[in-house]
Amino acid sequence: MSEGSGGTLGPWVFGAVVVVAATYLIASAEPPAAQPLLDPAATPRPVVARGNLAEDERATIELFESASDSVVFVSRLRLVRDVLGRPRQAAVVGTGTGFVWDADGVVVTNLHVIADGIGGSNIRFDEAVVTLADGRDYPARRIGFAENKDIAVLRIDAPDEHLKPIRIGTSSGLRVGQKVFAIGNPFGLDRTLTTGVISGLDRVFDAAITGRPIQGAIQTDAAINPGNSGGPLLDSAGLLIGMNTAIQNSTGASVGVGYAIPADTLNRIVPTIIRDGVYRRVGLGVVLRDARAAFVSPEDGKPLTVAGAVVRRVSQGGGADLAGLQPEDLIVEIAGTRVRTGDDVFRELDERQDGETVEVVVLRQGRELRLDVSLTTI
């Protein structure tokens, strides 16, 4: 046999020997010992009857079953384009929650659920689709919004029999410690129920779009997570007392501090948007900026530094103009409330009405002036 053929045969012969040996070992091995059979008489353990649910459990179940049909899933859609810039398809870029406001197909949610930007003309709106509790999808039309309140009002064309308006309560008279229930779509998990208590009242947090403060918020420890935005916060009677809107933390997940816009705020603003297509807040008719101004005290002649909101511009014919406010006036008080920033002015005017008169205290060249300003919509 040549050296070349021996090099080829060797491995083959070795493999054959291994196979034969393995076959011999298998053929000559003793069969495994028989395993004991399972007890043929074994049966499932008897089930112990639970009995009735606790009263508070029954109440929570009834509340969820009654209110959840009013809660909707809001999907935000954006047109995706190909490399040539041609429209290709609509992609879901965000999800949130909303609730049916009335039998005309009005749906209320947070503005940041359907839009982003920094306010005013910089708000970017996307298409929205509303999914009812029965799974039916409806494209939503935007009626209007209140950007400084993070409120958006939509309408869908759905048959009356498919719409279940939420029952609206009041947020006045709420007390810390009351039980509350939140229904929403956290992380896309539709109609999720979380429970907790009112853990604080009259809180302030910043609107997602504008960064302006939202007053009088309800604080709750009911778990609020991304996707819960726009969903209802309910009391133990199943009545709407707020709209879940924000989480207080740096990670975006619930840590037990969530904020809801009060129902009384919603019930004041939403009907206005439905009627007029827009919500106009009241104001002084000025443009402000935060400032610290140095004056000489008229009492002792010593330097005096005062924080306030300085008037940058006065709208002609507005309440401030008619009352005599001038550019560079430093507003230090409104209706008896000390003013240190422009946000303080915003807070004080937040719940006031068109035509209402407030006393404004300004410093002008070191002199204090008290002016009565009639508020107007802006």
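First, a word on what this report is: a plain description of the structure on this page. Note on numbering: residues in each chain are counted from 1, in written sequence order. Two thresholds apply to this predicted model, a pLDDT of at least 70 for residue-level local features and 80 or more for giving and counting side-chain atom pairs, whereas whole-chain, interface and lining totals are computed over all residues. Excluded from the side-chain calculation are hydrogens and water; included are all heavy atoms of the structure.

1. Thoughts on the side chain of S75
Here is the rule we go by: Numbering of helices and strands runs from the N terminus; a helix is a DSSP stretch of H or I covering at least four residues, while a strand is a stretch of E covering at least two. It only takes one pair of heavy atoms within 4.5 Å for two residues to be counted as in contact.
Position of S75 relative to the elements: it lies in strand β1 (residues 71-81). Beyond its immediate stretch of four places on either side in the chain, S75 contacts G94, T95, E127, A128 and V129.

2. Digging into the sheet that holds strand β13 (residues 240-247)
Short version of the rule: When DSSP finds two or more bridges between two strands, those strands count as paired. Here an axis means a line fitted to C-alpha atoms, over the contact stretch when the element is a helix, while the angle between two N-to-C directions is reported on a 0 to 180 degree scale.
Strand order in this closed barrel of 6 strands is β9-β10-β11-β14-β13-β12, and the pairing throughout is antiparallel. Shown here is a sheet whose adjacent strand axes are inclined to one another by a mean of 50°, direction ignored. Of the strand pairs in this sheet, strand β12 (residues 232-234) and β13 are connected by 3 bridges, and their pairing is antiparallel. Paired with L233 across the strands is G242, a residue of β13. Against the sheet, helix α4 (residues 263-276) touches β13 and β14 (258-262), its axis set at about 45° to β14.

3. Looking at the environment of V332
Where we set the bar: The buried label applies to any residue whose accessible area, calculated with a 1.4 Å probe on protein chains only, is under 20% of its type's maximum; exposed applies above 50%, and partly exposed to all values in between.
With respect to the helices, strands and loops of the structure, V332 is situated in strand β18 (residues 330-334). A residue is classified by how much of its surface remains accessible, and V332, at 10% relative accessible area, is buried. Along the backbone, V332 and A307 are 25 residues apart, and their C-alpha atoms lie at a distance of 7.3 Å. The contacts of V332, once residues within four sequence positions are left out, are V306, A307, T337, R338, V339, V361 and L363.

4. Observations concerning the pattern of salt bridges
Stated precisely, the cut-off is as follows: Each salt bridge in this description consists of a side-chain nitrogen of Lys or Arg and a carboxyl oxygen of Asp or Glu lying within 4 Å of one another.
For the structure on display, the rule yields 19 salt bridges. Linking R76 and D126 is a salt bridge whose minimum nitrogen-to-oxygen distance equals 2.6 Å. Of this pair, R76 sits in strand β1 while D126 sits in the loop between β5 (124-125) and β6 (127-131), and the two are 50 residues apart along the sequence. Its relative accessible area of 12% is what places D126 among the buried residues.

5. Some thoughts on unusual backbone geometry
The general pattern is negative phi for most residues beyond glycine and trans for most peptide bonds. Even without glycine at this site, R191 takes up a positive phi of about 50°. Look at R191 and you get partly exposed, because its relative accessible area is 29%. Unusually for a residue other than glycine, A335 sits at a positive phi of about 50°. Its place among the elements puts A335 in the loop between β18 and β19 (337-338). The exposure class assigned to A335 is partly exposed, which follows from its relative accessible area of 34%.

6. Quick look at the environment of A158
Examined against the element boundaries, A158 turns out to sit in the loop between β8 (151-155) and β9 (179-184). For A158 and P139, which are 19 residues apart along the polypeptide, the C-alpha to C-alpha distance reads 9.8 Å. With near-sequence residues (within four places) excluded, A158 lies in contact with L132, Y138 and L163.

7. Overview of the nonpolar core
Cut-off, in case you're wondering: The set of buried Ala, Val, Leu, Ile, Met, Phe, Trp, Tyr and Cys residues whose side-chain atoms join them within 4.5 Å is what this entry labels a nonpolar core.
The biggest cluster of nonpolar side chains holds 29 residues, and the ones touching the most others in it are F99, I151, L234 and L266. Apart from residues no more than four positions distant in its own chain, L234 is found in contact with L63, A67, I166, K179, V180, F181, I183, L239, L240 and I241. In this structure, V286, A320, V345 and V373 belong to the second largest nonpolar core, which totals 21 residues.

8. Quick word on helix α6 (residues 342-349)
Applicable threshold: Summarising the geometry, the arc corresponds to the directions from the helix axis toward the C-beta atoms.
When we look at burial in α6, the residues that qualify are G342, V345, F346, E348 and L349. The buried residues of α6 occupy an angular sector of 165° when projected down its axis, which confines them to one face.

9. Details of the pairing of strand β21 (residues 367-374)
Two strands pair when backbone bridges link them, and strand β20 (residues 357-364) and β21 are joined in this way by 8 bridges, in the antiparallel orientation. Note that in β21 the partner of V360 across the bridge is L371. If you look at the hairpin formed by β20 and β21, you'll find 2 residues sitting between the two strands, and Q365 has a positive phi there, around 55°.

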